[in-house]
Each structure stands twice: as structure tokens, then as C-alpha cells.
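# Remarks on the overall topology
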Amino acid sequence: MLHLPKSNLTRRGKTIMLALTGVFTSLVIAGAFIEIPTPLVSFTMQTFFVQLTSSMMGPLWGGITIALYIFMGLVGIPVFTKGGGFMYVLQPTFGYLIGFFIGTIVGALIIKMFKKKSYWAYLTGNTVNLLITYVSGMIYFYFIQTFYFGKSVTAYTIFISLFLIFMPSDLLFTFVASYAALKLKPILDKTIYQVASDEDIAKFEAEQQFEKLKANDGQKFIPQNELESFTSQQTENSPLAESSTPDSINGNNIQASINENNCSTMATEFNNCESNITKDNIV
């Protein structure tokens, strides 16, 4: 039996995702230069846009977005906070950029694991994303400072200066990014996907079963009321019946076309006339 897919990314949707890749890459770049000063330390909006990218674009397109951002910086385009170029890998803070890439993919995969995309799903994925970014940044900082610059740094210094100071602001951004994704992601999905509702799937599967029975029985006439009863019964037995009612699947979607010119009476019509049954509006 054929099955109607729950969602299918169309060509138009792929075009939109390519365009959004450029948009989110620009946001991540801009976020690095949007500084918000505080009495203790200044922080940027880059973490917010990275987490929004992960939540909205998913593991594939989100990973492509961050990879494009890093690639642009390494080839010499000054998109990083301290410029660009391949030698930027020797910057002690380059580990955070690596963390952006890994965290975006892992965080998006965690969000994808949740069947219900609730606020907690986005918050969980973005929190893991943030932790991966910090762990990657601190480890890279330690190795560059120790083995390249020859400086001695302690774990305590790294924890205070690279984690504890920036965590409150980034954690706040995590909450905000998760809420923004909760509101914006359904709109994006409706734009780029052809979405079939549970009711549509139930109708489709019931009608496919009817087609199979009709093919086995030949072109034998089946009264309209039996046709409606069959479709309703199949929908009630469907696992998706909770979202559908028998009244929602009726003869309006499966119409029988009967050639009355070959039948002289109603009795002859029901007993002898062969029906040409055409089906409309099957999603």
C-alpha cells in the first residue's frame, strides 16, 4: 500500500533553505560585532544567532551555515572578531568557532529527537549546544596557550575567565533563542514543506484500501452509502483516528459518477449498471 509522506521538502523549499543559509550566515557574522557592554564584561550576540541557526535550520543546513561562516573567515574575509585568514587558527579563542560548528549539529540533532517540538526540546538542544561551545573553547585555549605560546595557565583561571564570566549572559540568550525558535520554526516549516495533516493521512490510507478491494472485486457496483461507510470505518480503525472523526471523511471526497443514460429505471441502475467511480481530492 502506498503511504502519504508526513512532509516533503520541495524544490521551492530547498531554494528557500539556500537563501536562509545566506541570511543566517550574515546574522552570525553580524552577531560577532554587536557588543553589549556591562559593568563586568562586554558580550556579543553571536551565541544567540548560532543557537537560533541550530534551532531553525536543523543539523544539515545549520552545520552548512556555520561551516560557511568559518570558511569565509579562514580564506581571509574579516568576519571574525579579530579579522580573518588561515593563521586565525592560532588564536586562543578559535576553539569557540569549532564549538559553534559541533554544537550546532549536535544541538539540532537533539531537538530533532523530540517528537513534540516544545520549548523544552529547543532549550535542551540549545543548552547542549552552549556547553559544547564552552568545552571546545576552553580546551583549545589551554592547548594553544600551553604548547604554542608556552604560557602556563591553570584550570581555575580558564574556568573563571572563559566560562563563569560569560555564562550568565549566554544562558540568557539560550532561553531567548529557544523561545524565538518555538514561535518561528512552525512558520518556517509551513513555508518550505508540503505538510500532510494526520487527517489527510487517515483519508489517504482508507481510500487506498478501498481501491485495493475494488480492484479485487472488478467493476461491480458499490452503492454510495456503502462507500461512505467503508471509508468512515477505515478511518475509525486508523491509528490517527484521534485526530479524525467519521463525519470528516465522507462522500464529499469520493464521488461516484453514474452513467444514467444506460439505465431506464432506478432498480435497473442499482442491479445492472456498471459504475465509473472517480475519486477526487485525494491528498
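So, here's what we can say about the structure. (Residues numbered from 1 in each chain as written. Predicted model: local features only at pLDDT ≥ 70, side-chain atom pairs only at ≥ 80, totals over all residues. Heavy atoms only, no water.)

### Observations concerning the environment of Phe101
Residue position: Phe101 is located in helix α3 (residues 94-113). Residues Phe101 and Tyr69, spaced 32 residues apart in sequence, show a C-alpha to C-alpha distance of 9.5 Å. Setting aside its immediate chain neighbours within four residues, Phe101 contacts Gly63, Ile66, Ala67 and Ile70. (Helix = DSSP H or I, 4+ residues; strand = E, 2+ residues; numbered from the N terminus. Contact = heavy atoms within 4.5 Å.)

### Some points on helix α2 (residues 46-74)
Helical periodicity: at 3.6 residues per turn, an α-helix aligns residues three or four positions apart in one direction. For α2, with 29 residues, the first-to-last C-alpha span of 18 Å runs short of the 42 Å given by 1.5 Å per residue. Taking the largest bend as the criterion, α2 deviates by roughly 130°, centred on Gly58, and proline Pro59 comes between one and four positions later. In the stretch just after α2, Gly76 is the one whose phi turns positive, near 115°. (Expected span 1.5 Å × (residues − 1). Bend = angle between axes of the 7 residues up to and from the residue.)

### Re the packing of helix α4 (residues 119-148) against helix α5 (residues 155-164)
Contact geometry of α4 with α5 gives a least axis separation of 10 Å together with a crossing angle of 135°. Our classification of the angle between α4 and α5 gives oblique. Both α4 and α5 take part in a crossing whose hand is right-handed. Only Ile158, Phe159, Leu162 and Phe163 of α5 make contact with α4, whose side of the interface consists of Tyr134, Met138, Phe141 and Tyr142. Taken together, the residues of the contact of α4 with α5 break down into eight nonpolar, no polar and no charged. (Axes fitted to C-alpha atoms, helices over the stretch in contact; angles between N-to-C directions. Parallel < 35°, antiparallel > 145°, perpendicular 65-115°, else oblique. Left-handed = near helix turned anticlockwise from the far one by under 90°. Nonpolar A, V, L, I, M, F, W, Y, C, P; charged D, E, K, R; others polar.)

### Examining α3
In this model α3 runs 29 Å from its N-terminal to its C-terminal C-alpha over 20 residues, within 8% of the 28 Å that 1.5 Å per residue would give. Among the residues of α3, those classed as buried are Phe94, Gly95, Tyr96, Leu97, Gly99, Phe100, Gly103, Thr104, Gly107, Ala108, Ile110 and Ile111. Each element contacted by the buried residues of α3 is listed here: α2, α4 and α5. (Buried < 20%, exposed > 50% of the residue type's maximum accessible area, 1.4 Å probe, protein only.)

### Observations concerning the nonpolar core
Formed by 34 residues in total, the largest nonpolar core has its most connected members in Leu20, Phe48, Tyr69 and Leu97. When residues of this core are traced back to their parent elements, those giving at least two are α1 (11-33), α2, α3 and α6 (167-192). Ranked by residue count, the leading element in this core is α2, at ten residues. For Tyr69, the residues in contact, after removing those within four places along its chain, are Thr25, Val28, Ile29, Ala32, Gln46, Val79, Phe80 and Leu97. (Core = buried A, V, L, I, M, F, W, Y, C linked by side-chain atoms within 4.5 Å.)

### Some details on the pattern of salt bridges
Per the stated rule, a full pass over the model turns up one salt bridge. A salt bridge links Asp189 to Lys185, with the shortest nitrogen-to-oxygen separation between them at 2.8 Å. Of this pair, Asp189 and Lys185 both sit in helix α6, four residues apart, roughly one helical turn. Judged by its relative accessible area of 16%, Lys185 is buried. (Salt bridge = Lys/Arg side-chain N within 4 Å of Asp/Glu carboxyl O.)

### Some remarks on the side chain of Ser178
With respect to the element layout, Ser178 can be found in helix α6. Judged by its relative accessible area of 0%, Ser178 is buried. Not counting chain neighbours up to four residues away, the residues in contact with Ser178 comprise Tyr119, Tyr122, Leu123 and Asn126.

### A closer look at the environment of Thr133
As for its placement among the helices and strands, Thr133 is situated in helix α4. A relative accessible area of 6% places Thr133 in the buried class. Taking C-alpha positions, Thr133 is 3.9 Å from Gly99, a pair spaced 34 residues apart along the chain. Each residue touching Thr133, except ones within four places of it in the same chain, is listed here: Tyr96, Gly99 and Phe100.

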